[in-house]
Amino acid sequence: MPYTPLEDIPAIRNELRATFRKGITKPIAWRRHQLLQLARLAQENAEQLAAALAADLGRPKMEAYFAEVGVIVERSVICAAKLEEWTRPDRVAVPEWADSWNPTVHNTPKGTVLIIAPWNYPMILSLQPLYGAISAGCCAVVKVSEISPNYANLIASLFPKYLDQSAYRVVQGAIPEITRVLELQWDHIFYTGNGHVARIIAAAAAKHLTPMTLELGGKSPVIVDDTCDIELAAKRILWGKINNAGQICVCPDFVIINRRKQEEFIAALKKHHADFFPNGALKSDSFSRVVSDFHFSRLKNLLARSKGTVVIGGGTDERTRGLEPTVVKGVLDGDSLLSEELFGPILPLVAVDSVDEAIEFINSRDHPLVLYAFTSDEKTKIKIRENTMSGNLVFNDTFQQLAINELPFGGVGESGYGRQVLKYSYDNFTYERSTIDVPKESESFLEPRYPPYTPEKLEFMSVPVNLVIPPSKYPDTSPNGQARM
């Protein structure tokens, strides 16, 4: 994998900045062409991209197509079609006295931006922010992960063939290269990864007061209550866990299961596991592999230290870094499998006696990127929604929130901030610039602002101070019985 020379990185940033300042990226027609070129890049090289993902991650072609390649084609085309709507100036409704000032909000590109992508879904997580940056009229450097080198090499070779190199560039490398990148000033940084690295990047961004989007992860829990279809819940949760061998930020990390339903749930998991992988997962071409020796060892260590009992899987293939889908019951708070985001095909089961206990368990931990809940009870859905926090909340399935183009995706707290997908990706890289144009005919209206100040002018300027405030009363009391203000 040829890393970008350190001395080239400032020159790349400076070239992109010069392009932006010349206004090259701002015309709608130019942006539309680049977006459609991005769609062509994905469509015309779908086989090569899938092969690169297979080489890096052991990813099945079907997963590559529906989770990465097809998404970029579709969403890039949608962005191209929506540009006029998204970029249209918004004439603001104002009081009559200000209407002649033409108050307007313009969605304005931030400038030259940095996108830092991870290894686990390297295509969607590098090119989804990129279509947002292109739509916004920004220039962008995309720092791809060295842990998925086949994808990194391929996308670096494809950019010059499809996209304007004076506006969009790939930087390859590891710690020295990303360190050099972060020494530079950027107009926005979009980072996808883990919280530890996010803190390092945020600290570097803070030196330049650079705004950020952080797409992180965390331990996304699944609540399974006693009213749901256990058979179907097991099928859908297992499918969510095996995608990319669990190496995705929205993967169901652990299940909080009603104690009375645990054995029925395990039996259903075993049935669906046998259906998915008749000859075993490690012999299947429908199951990915762990990305690196480091992560393979990390997952084995977490499993070895767990006090729970393995009820499904647990087998490994050292040669291919294969780890079977593994279900562990009897996992308690403080267990190794609950100590960090698993990012692998291990599914711990935490038994509880009620939904209230499940909610309490979730609320004692960092806010997750996604909270999944399987229940047929509408009151339970409301209780979960009103009493928990998560970036997204999904009832009765896993992953499918990613299929809805119109919904924002992102975290809260430790799982990140900012949103993405289509218009939300565009919004990351623009800011709302307000404008007014005050005509000379407004001078008589503005006359009271000028000295010398008089009682008449004070009376005129004091109208908001003397505004009649509507009465209000909130008939609630605090825990000590005192009426709240």
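Residues numbered from 1 in each chain as written. Predicted model: local features only at pLDDT ≥ 70, side-chain atom pairs only at ≥ 80, totals over all residues. Heavy atoms only, no water.

Engineer: It is not clear to me how the sheet that holds strand S10 (residues 309-312) should be interpreted in this structure. Could you clarify?
Structural biologist: Sheet strands line up and pair through hydrogen bonds in the backbone, either parallel or antiparallel. The strand order across the open sheet built from seven strands is S10-S13-S14-S9-S8-S15-S16, with neighbouring strands paired in mixed fashion. Two strands in the sheet have a free side with no partner beyond their single neighbour: S10 and strand S16 (392-395). On average, each strand axis in the sheet is tilted by 25 degrees relative to the strand beside it, whichever way the strands run. Pairing geometry for S10 and strand S13 (residues 326-329), over three bridges, is antiparallel. Each bridged residue has a counterpart across the sheet, and for valine 310 the counterpart in S13 is valine 328. Packing of helix H12 (residues 355-363) onto the sheet brings it into contact with strand S8 (221-224), strand S9 (254-258), strand S14 (346-352) and strand S15 (370-374), and relative to S9 it is tilted by some 155 degrees. (Pairing = 2+ DSSP bridges. Helix = DSSP H or I, 4+ residues; strand = E, 2+ residues; numbered from the N terminus. Axes fitted to C-alpha atoms, helices over the stretch in contact; angles between N-to-C directions. Contact = heavy atoms within 4.5 Å.)

Engineer: Any chance you could explain the nonpolar core here in plain terms?
Structural biologist: Side chains that are nonpolar tend, in soluble globular proteins, to be buried together. Among the nonpolar cores identified, the biggest contains 106 residues, and Leu130 and Phe159 are the most heavily contacted of them. Among the elements that take part in this core, helix H4 (residues 61-87) stands out by supplying nine residues, more than any other. Excluding residues that lie within four positions of it along the chain, phenylalanine 159 makes contacts with Leu41, Leu127, Leu130, Val142, Gln165, Tyr168, Arg169 and Val170. Core analysis: the next-biggest nonpolar cluster, separate from the first, contains 25 residues, Phe254, Leu299, Leu303 and Val331 among them. (Core = buried A, V, L, I, M, F, W, Y, C linked by side-chain atoms within 4.5 Å. Buried < 20%, exposed > 50% of the residue type's maximum accessible area, 1.4 Å probe, protein only.)

Engineer: I would appreciate a short explanation of the environment of leucine 114 in the present structure.
Structural biologist: Here leucine 114 shows up in strand S3 (residues 112-116). Spatially, the C-alpha atoms of leucine 114 and alanine 140 are 5.7 Å apart, while their sequence positions differ by 26 residues. Setting aside residues up to four positions removed in sequence, leucine 114 forms contacts with Val141, Val181, Leu182, Trp186, His188, Ile189 and Phe190.

Engineer: What's the story with the pattern of salt bridges in this structure? I'm lost.
Structural biologist: A side chain with one charge may pair with a side chain of the opposite charge, provided their charged atoms come close. Following the criterion strictly, the structure yields 24 salt bridges and no others. A salt bridge links arginine 32 to glutamate 84; the shortest N-O distance between them is 2.3 Å. Taken together, the residues span a long stretch of sequence, with arginine 32 in helix H2 (residues 28-44) and glutamate 84 in helix H4 at a distance of 52 residues. Take arginine 32: its relative accessible area is 25%, and that puts it in the partly exposed class. In this structure, lysine 423 and aspartate 427 form a salt bridge, with 2.9 Å as the shortest nitrogen-oxygen distance. One end of the pair is lysine 423 and the other is aspartate 427, both in helix H14 (residues 423-428) and four residues apart, which spans about a single turn. Overall, the relative accessible area of 29% leaves lysine 423 in the partly exposed class. Within the structure, one salt-bridge network assembled from shared partners comprises Glu231, Lys271 and Asp275. (Salt bridge = Lys/Arg side-chain N within 4 Å of Asp/Glu carboxyl O.)

Engineer: What should I look at first to understand the packing of aromatic side chains in this one?
Structural biologist: The description of two aromatic rings rests on the distance between their centres and on the angle between their planes. For the coordinates displayed, the defined rule picks out 12 aromatic pairs. A centroid spacing of 5.5 Å and a plane angle of 75 degrees characterise the contact between tryptophan 97 and tryptophan 101, whose relative ring orientation is edge-to-face. Residue tryptophan 97 is classed as partly exposed on the basis of its relative accessible area of 48%. Their ring planes at 20 degrees and their centres at 5.4 Å tell us that tryptophan 97 and phenylalanine 445 sit as a pair that is stacked. Pair noted here: tryptophan 97 is in the loop between strand S1 (90-91) and strand S2 (104-109) and phenylalanine 445 is in helix H15 (residues 443-446), with a separation of 348 residues, a long-range link. According to the relative accessible area criterion, phenylalanine 445 is partly exposed, its value standing at 32%. Among the aromatic residues, ring-to-ring pairing joins Trp97, Trp101, Phe445 and Phe460 into one connected group. Here lysine 381 stacks its cationic end above the ring of phenylalanine 395, 5.9 Å away from the centre of that ring. (Phe/Tyr/Trp six-rings, centres within 6.5 Å; stacked < 30°, edge-to-face > 60°. Lys NZ or Arg CZ within 6 Å of the ring centre and 35° of its normal.)

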